[in-house]
Amino acid sequence: MRNLKLLRSLEFRDIQAQGKPRCLCLRAEQATVLIGSEHGLVEVDPVTREVKHEIPLVAEGFLPEDGSGCIIGIQDLLDQESVCVATASGDVLLCNLNTHQLECVGSVASGISVMSWSPDQELLLLATGQQTLIMMTKDFEPIMEQQIHQDDFGESKFITVGWGRKETQFHGSEGRQAAFQMQMHESALPWDDHSPQVTWRGDGQFFAVSVVCPETGARKVRVWSREFALQSTSEPVAGLGPALAWKPSGSLIASTQDKPNQQDVVFFEKNGLLHGQFTLPFFKDEVKVNGLFWNADSTVLAVWLEELQREENSSLKTYDRVLVTVFRQSVVPPPMCTYRLQLPHSVNQVMFSARPEKSNDLAVLDASNQISVYKCGDSPSIDCTVKLGAVGGNGFKISLRTPHLDKRYKIPIEDSEAEEVNPLKFSLLAWVQEDVFLAVSHSQSGPQSAIHHLTVAPSETDDKQGQLNISSSVTVDGVIISLCCNPKTKSVALQVAGGQIFKYLWESPSLAVEPWKNPGGLPVRFPYPCTQTELAMVGGEECILGLTDRCRFFINDTEVASNITSFAVYDEFLLVTTHSHTCQCFCLRDASLKTLQAGLSSSHVPNGESLRKVERGSRIVTVVPQDTKLILQMPRGNLEVVHHRALVLAQIRKWLDKLMFKEAFECMRKLRINLNLIHDHNPKVFLENVETFIRQIDSVNHINLFFTELKEEDVTKTMYPPPVPSTVPLSSDPDEKKVDLICDAMRAAMENINPHKYCLSILTSHVKKTTPELEIALQKVHKLQGSAPPVPDTVSAEEALKYLLLLVDVNELYDHSLGTYDFDLVLMVAEKSQKDPKEYLPFLNTLKKMEMNYQRFTIDKHLKRYEKAIGHLSKCGPEYFPECLNLIKDKNLYNEALKLYPPNSQQYKDISIAYGEHLLQEHLHEPAGLVFARCGAHEKALSAFLACGSWQQALCAAAQLHLTAEQLAGLGRTLAGKLVEQRKHSDAATVLEQYAQDHEEAVLVLLEGAAWEEALRLVHKYNRPDIIETNIKPSILEAQKNYMAFLDSQTATFSRHKKRLLVVRELKEQAQPVSLDDEAPHGPESDLFSETSSVMSGSNLSGRYSHSNSRISARSSKNRRKAERKKHSLKEGSPLEDVALLEALSEVVQGTEKLKDEICRILKMLFLFEFDEQGRELQKAFEDTLQLMERSLPEIWTLTPQQSSATPVLGPNSTANSIMASYQQQKTSVPVLDAELFMPPKINRRTQWKLSLLD
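Residues numbered from 1 in each chain as written. Predicted model: local features only at pLDDT ≥ 70, side-chain atom pairs only at ≥ 80, totals over all residues. Heavy atoms only, no water.

Before going further, it helps to examine the overall build of the protein. What the protein contains, in helices and strands, is 34 helices and 48 strands. In the protein, which comprises 1255 residues, the share counted as buried stands at 44%. For the protein, long-range pairs separated by at least 24 residues make up 52% of all intrachain contacts whose partners lie at least 6 apart in sequence. In the structure as shown, the protein presents an accessible area of about 67000 Å², 50% of it carried by carbon and sulfur atoms. (Helix = DSSP H or I, 4+ residues; strand = E, 2+ residues; numbered from the N terminus. Buried < 20%, exposed > 50% of the residue type's maximum accessible area, 1.4 Å probe, protein only. Contact = heavy atoms within 4.5 Å. Areas by Shrake-Rupley, 256 points an atom, 1.4 Å probe, with all protein chains shown as cover.)

This part is about the environment of Ser 912. Relative to the helices and strands, Ser 912 resides in helix H19 (residues 906–921). The buried category is assigned to Ser 912, whose relative accessible area is 3%. Expressed as a C-alpha distance, the spacing of Ser 912 and Val 931, which sit 19 residues apart in the sequence, is 6.3 Å. Excluding anything up to four places from it in sequence, Ser 912 contacts Leu 898, Val 931 and Cys 935. At a separation of 2.9 Å, a polar atom in the side chain of Ser 912 contacts the main-chain carbonyl oxygen of Tyr 908. (Polar contact = N/O pair within 3.5 Å; in protein donor to acceptor, adjacent residues only side chain to side chain.)

Let us now look at the sheet that holds strand E40 (residues 553–555). Read from one edge to the other, the open sheet built from four strands follows the order E38-E39-E40-E41, with strand pairing classed as antiparallel. One side of each edge strand has no neighbouring strand; the edge strands of this open sheet are strand E38 (532–538) and strand E41 (558–561). Ignoring strand direction, the axes of neighbouring strands in this sheet form an average angle of 30°. Pairing geometry for E38 and strand E39 (residues 541–547), over seven bridges, is antiparallel. Bridge pairing links Met 537 to Glu 542 in E39. Packed onto the sheet, helix H1 (residues 593–600) meets E38, E40 and E41 and runs at close to 35° relative to E41. (Pairing = 2+ DSSP bridges. Axes fitted to C-alpha atoms, helices over the stretch in contact; angles between N-to-C directions.)

All right, on to the packing of aromatic side chains then. Any aromatic ring pair is given by two values, namely how distant the centres are and how the planes are angled relative to each other. The full count for this structure, using the stated rule, is 21 aromatic pairs. Between the aromatic rings of Tyr 894 and Tyr 915, the centroid separation amounts to 4.9 Å while the plane-to-plane angle is 10°, which identifies the pairing as stacked. Here Tyr 915 lies in helix H19 and Tyr 894 lies in helix H18 (residues 894–898), a separation of 21 residues in the sequence. Judged by its relative accessible area of 4%, Tyr 894 falls in the buried class. Taken together, Phe 661, Phe 686, Phe 693, Phe 706 and Phe 707 form an aromatic cluster joined through their ring pairs. Seen from the ring of Phe 206, Lys 270 lies directly overhead, with NZ or CZ sitting 4.7 Å from the centre. Directly above the aromatic system of Phe 426 lies the positively charged group of Lys 425, at a separation of 5.9 Å from the ring centroid. (Phe/Tyr/Trp six-rings, centres within 6.5 Å; stacked < 30°, edge-to-face > 60°. Lys NZ or Arg CZ within 6 Å of the ring centre and 35° of its normal.)

Side chains that differ in sign of charge can pair as their charged atoms come close. Applying the stated criterion across every chain yields a total of 41 salt bridges. One salt bridge connects Asp 860 with Arg 865, and the closest N-O pair in it is separated by 2.7 Å. On the basis of relative accessibility, which here comes to 0%, the residue Asp 860 falls in the buried class. Residues participating in the shared-partner salt-bridge network are Arg 355, Lys 375, Asp 406 and Glu 434. (Salt bridge = Lys/Arg side-chain N within 4 Å of Asp/Glu carboxyl O.)

With that settled, the discussion passes to the packing of helix H16 (residues 866–873) against helix H17 (residues 881–891). The contact between H16 and H17 brings their axes to 10 Å, and the two run at 160°. As summarised for this structure, H16 and H17 are arranged roughly antiparallel, according to the angle between their axes. Note on packing geometry: the crossing formed by H16 with H17 is left-handed. Residues Tyr 866, Ala 869, Ile 870 and Leu 873 of H16 pack against Glu 883, Cys 884, Leu 887, Ile 888 and Lys 891 of H17. (Parallel < 35°, antiparallel > 145°, perpendicular 65-115°, else oblique. Left-handed = near helix turned anticlockwise from the far one by under 90°.)

Inspection of the secondary structure assignment puts His 985 in helix H24 (residues 985–994). The exposure class assigned to His 985 is buried, which follows from its relative accessible area of 8%. Sequence-distant contacts of His 985, that is, excluding residues within four places in its chain, are made with Val 980, Val 1005, Leu 1006, Glu 1008 and Gly 1009.

As a further point, take the sheet that holds strand E19 (residues 263–268). Here we have four strands laid out as an open sheet, ordered E17-E18-E19-E20, and antiparallel in their pairing. Because the sheet does not close on itself, it has two edges, and the strands there are strand E17 (245–246) and strand E20 (274–279). Two elements, strand E18 (residues 253–258) and E19, share six bridges in a ladder whose sense is antiparallel. Bridge assignment links Ser 255 to a residue of E19, and that residue is Val 266.

On to the packing of helix H20 (residues 925–935) against helix H21 (residues 938–948), then. Packing of H20 against H21 brings their axes to within 8 Å, and their N-to-C directions diverge by 160°. The angle between H20 and H21 places the two elements in the roughly antiparallel class. Of the two elements, H20 crosses H21, and the hand of that crossing is left-handed. For the pair formed by H20 and H21, the contact residues are His 925, Glu 926, Ala 928, Gly 929, Leu 930, Phe 932 and Ala 933 on the first element and His 938, Lys 940, Ala 941, Ala 944, Phe 945, Ala 947 and Cys 948 on the second. When the residues that make up the contact of H20 with H21 are grouped by side-chain class, the tally is nine nonpolar, three polar and two charged. (Nonpolar A, V, L, I, M, F, W, Y, C, P; charged D, E, K, R; others polar.)

Turning our eyes to something else, we now look at the confidence of the model for the protein. Per-residue pLDDT for the protein averages 81, and the proportion of residues at 70 or more is 86%. Counting interchain partners and residues more than four positions distant, the pLDDT-below-50 stretch residues 1227–1233 has eight contacts. (pLDDT = per-residue confidence, 0-100.)

Below, the discussion takes up empty space enclosed by the protein. Counted according to the given criterion, the structure contains one cavity of 30 Å³ or more. The computed volume of the largest cavity comes to approximately 40 Å³. Along the walls of the largest cavity sit Leu 656, Phe 661, Ile 678, His 681, Asn 682, Val 685 and Phe 686, which together make up its complete lining. Looking at the lining of the largest cavity, its residues break down into five nonpolar, two polar and no charged. (1 Å grid on protein atoms, 1.4 Å probe; cavity = no way out; pocket = protein on both sides within 12 Å on 5 of 7 lines; lining within 4 Å. Points joined across faces, edges and corners; volume = space filled by probe spheres on them.)

Below, the discussion takes up the nonpolar core. Formed by 78 residues in total, the largest nonpolar core has its most connected members in Ile 911 and Leu 1178. Per-element tally for this core: the top contributor is helix H27 (residues 1026–1075), with eight residues. Beyond its immediate sequence surroundings of up to four residues, Leu 1178 is in contact with Gln 1040, Tyr 1043, Met 1044, Leu 1047, Ile 1159, Ile 1162, Leu 1163 and Leu 1166. One finds Ile 678, Ile 694, Cys 743 and Leu 825 within the second-largest nonpolar core, a separate group that totals 64 residues. (Core = buried A, V, L, I, M, F, W, Y, C linked by side-chain atoms within 4.5 Å.)

Where like charges cluster on the molecular surface, the negative patch consists of Asp 151, Asp 152, Glu 155 and Glu 215. Of note, Asp 152 is situated in the loop between strand E12 (142–147) and strand E13 (197–200). (Patch = residues over 30% accessible without salt bridge, like charges linked within 9 Å, V, L, I, M, F, W, Y side chains within 5 Å. Lys, Arg positive; Asp, Glu negative; His and termini not counted. Charge placed at Lys NZ, Arg CZ, Asp CG, Glu CD.)

Burial in helix H6 (residues 690–697) covers these residues: Val 690, Phe 693, Ile 694 and Ile 697. Down the axis of H6, the sector holding all buried residues measures 95°, keeping them to one side. Packing partners of the buried residues in H6 comprise helix H3 (661–671), helix H4 (677–680), helix H5 (683–688), helix H7 (700–709) and helix H8 (738–753). Of the residues flanking the end of H6, it is Asp 698, one or two places downstream, whose phi is positive at about 50°. (Arc of directions from axis to C-beta.)

Residues other than glycine seldom take positive phi values, yet Gln 131 does so here, at roughly 60°. Mapping Gln 131 onto the fold places it in the loop between strand E10 (123–128) and strand E11 (132–137). Even without being glycine, Asp 698 reaches a positive phi, approximately 50°. Turning to its location among the elements, Asp 698 is positioned in the loop between H6 and H7.

With that out of the way, let us pick up the side chain of His 679. Within the element layout of this structure, His 679 appears in helix H4. One polar contact links His 679 to Asp 680, side chain to side chain, over a distance of 2.9 Å. Once you skip the residues sitting within four places of it in the chain, His 679 turns out to touch Phe 686, Leu 687, Lys 738 and Ile 742.

Moving on to the environment of Pro 755. With respect to the helices and strands, Pro 755 occurs in the loop between H8 and helix H9 (759–767). Classification of Pro 755 as partly exposed rests on a relative accessible area of 36%. Residues in contact with Pro 755, not counting those within four places in the same chain, are Met 750 and Ile 762.

Right, dumping it as structure tokens:
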């Protein structure tokens, strides 16, 4: 149920025409009104009130001169450009208003009581004085005539087999005889003129006729089809009125019914059964209903009422009611309400105060042009005009304050005494300030409007009656159809019928009206009239928002969406409902038209905070100010309250910024918002105001709830990201855990405020920490047991322990109590648990008999706290060291144990030796050697260093052992052998020379490692030139031959792989079109194609026969590694052979690049010993190899995978085969892990390897 808004009112007072209006008809295309009287027909312009045409019917003889005749129907016929007129005497006239030509197209001798045209103007229905219905075509050709009263029910007569008959029903105290009582029919209403009433359904397929039955005297409604077949007859309804109106887009027929104490509007179905009703807000016999009218889209039903004359001694007083619902306290659907306001005159408009703090104050404009102001607050007396609605009565206490009438202001009107004042003179009332109102009136002489600035006149008395002064009035060209005000900026926007938007500067001294301009400086104009307009700040610019009746939503003159069913502006948010049954919320602070358009587009998927699903057909009623309630109305009229997540979070953030922790906490708890937001919204502010938070919450249970929801996650980055990036500083110590920080801060505050009251919360703060401080919590519980007499709000030790057992598992709590070594505390916990005393008492008694350190060792070992256990056991004396050492070995606690004994003690050495042996078992020889060397076990250290090849450490350990020269030489040779195995020839030569005193063997080792210059140095150091001829020169020449052979092999391999790669690529290109139709190639080259086709079809086959590869998932790790090695096979025709060739070519290039330093060294030696020919040969061969590879790089590495996949497959030059080939190529693309193979290897041209002396 929605309030109607008055757009414009027109009054016809001074029309220069004869007669009294009897009926009228609208001419939509000409925008005129046809009025019929006892003298004739008049066409009037409703804006200028000018008589455009007047057709007298008396002079033509169609109406009597004495004025006793009348026109009973007028219909504008669009396709005939004429007007059809029916008179009570029985004439049907066709009148051309332009030529004033009259034609009588038919006459009924018995007279006509009703003329009704079908909606499509194809059929004409006449009700005659002989109680018959005549149906005619649009050319006035009779089709059929039927009696208006029918004995038959109609074609839709109900079929019954007797079940549920009245005779079989239970009738209570009335007895069984009630089943056989005859139903009494009430006659028609006293003011009923007994004339028939006709109404058509919107599609013209059916029409309904309401007539007074001659037998019973009561009205009945009969439904007829377009073919003039009776469909149904209404059930007997006592007090049925004559008014009748068929809902255009539905199956309901509206009529009226007089009941003993009220008057209802009732609805019939097409089958004649009643289907709902509503009560008119008038006393019985106060008014009569002259007519019912639906609007075109069936959303509004108008009731035309006429006040009935009453006896002079009647004590009843007429009131008009305003239904008010306070959504902050109660949500009840209309027609129920929180309270009713009774006013002495008809209400035209209700307006609430624009000030947020006074949003419950309201002003009512009535038909006497008075404004009644009701204010919420303390009143010295009860206002008898305010009656409680659905929330009152039955002895319940009312928790809300009802408004009271503050004052009733009269609006002065010029010439109000000369003639009757128009009750709809003022409309679009706006309450912009405490004592300032704005109202609109429309000119009766043209398309103009005036906006009036109404101010409260000062009054010296406290009388309820006040006066408003029209301080100024501004004329606007056009008919103002909407007015909206921004309470923050106090801007007022006016919309005229043509779509222009004006800004009314009501606070300016000049009180001017100027065009509303968009940010670009251009005047704003809505393309279509908007039924709802609001002002809002969008991205810092004030804009006007409009919604048409066709769901088109505009911001300024830009259409943002075309699927909006309703919207509301609240604070900095825009809320809309859409045709997709969603309610979206947008923050307008940093929004723009583009972002709003994108957010409302059908392809946009907003986040969870800004969107929620709603019931089909939901419409926004309002947003409760300073609250999170969004009121929605469903199509069937009921109201629903939702708390939109965006509104909730925005309100919570405001409360937190104002340190209103209690309001924020209650809202978050009720709406299940994660309580971490209280801290994460602004950690620094929260930690600085922890004490304020605790004092406001003031509930141990709520504080414990806050503790239990704490987690390390920052919910402002995950669950509730702010609409605008936050600039809030993080906590002072980012390395500290968030939960620990909050627990410590809140515990300190609670201990400062009242440690007895918040005892349970303090325990929770210990338990909730990242590493729960259970032992501290248990100690605090233990202190309560032996504390002084209880103080107010204190908690007993028993209660605290029971609470602790709710937070922590009893076995875990028992273990921690045992870990405190306090047996009284252990017994206290054990007694509250479900443990059997036979289990723990013997164990505790045994512990009590032990020495303290050994006792604690036993407890820690039982609790598996082995580090603490060996600490206590180390204090028990040397006799317990073997037990300690066994525990150290068993639990691998060597590092912790070494800290317990001095380095020079025997225990330290024993632990170190055990540690070293443990490292040897783990094959960590070098760390083991270091541990042995540190504790003085040099022999074990030497053995460990020998095993890992650490020759420097081994020789250091040998020096500590004082070996003989012969033993040292033997050790050196052993080390040298291990170093040669590790290809550390230089280190091996050093050991042989310095410790084995064998320089010849050192030279040979250097020659084996190609360390020519170092070998030559030793030869000259020991003056052995003979070694040059015997060993060095032959070794150099042999190495030159090996390099030559290796380069030949590399060149041959590179050329072979390159040639094969080019062939594979060519065959792949040829094989692609063939594979499109999955047909094998034929011809002499079929073998080649069969090999390469597997490259293309590999991925397809794996997709087609994926079930055959299911065993792959069960392969062992060894088989998986083997399969990985075989992934790139160089076998001809294998899948991904081209990738394998690229990998092999890259390895050849990289291997050749690494030879540059070695080639440079041997070239120097060849030149030194005058082997110039061999040197030039090697240098040229290496240079040729490098040049071959450099030239081939662009030819081999042509495209990267990214470039290949980005190659366009569509275009004007593409064919079906080329497009399919491209998609097939994408399907067989290499994995991402092999992408590096498509990058050419790097050849460093800056490396100086050539010897210019050999050029």
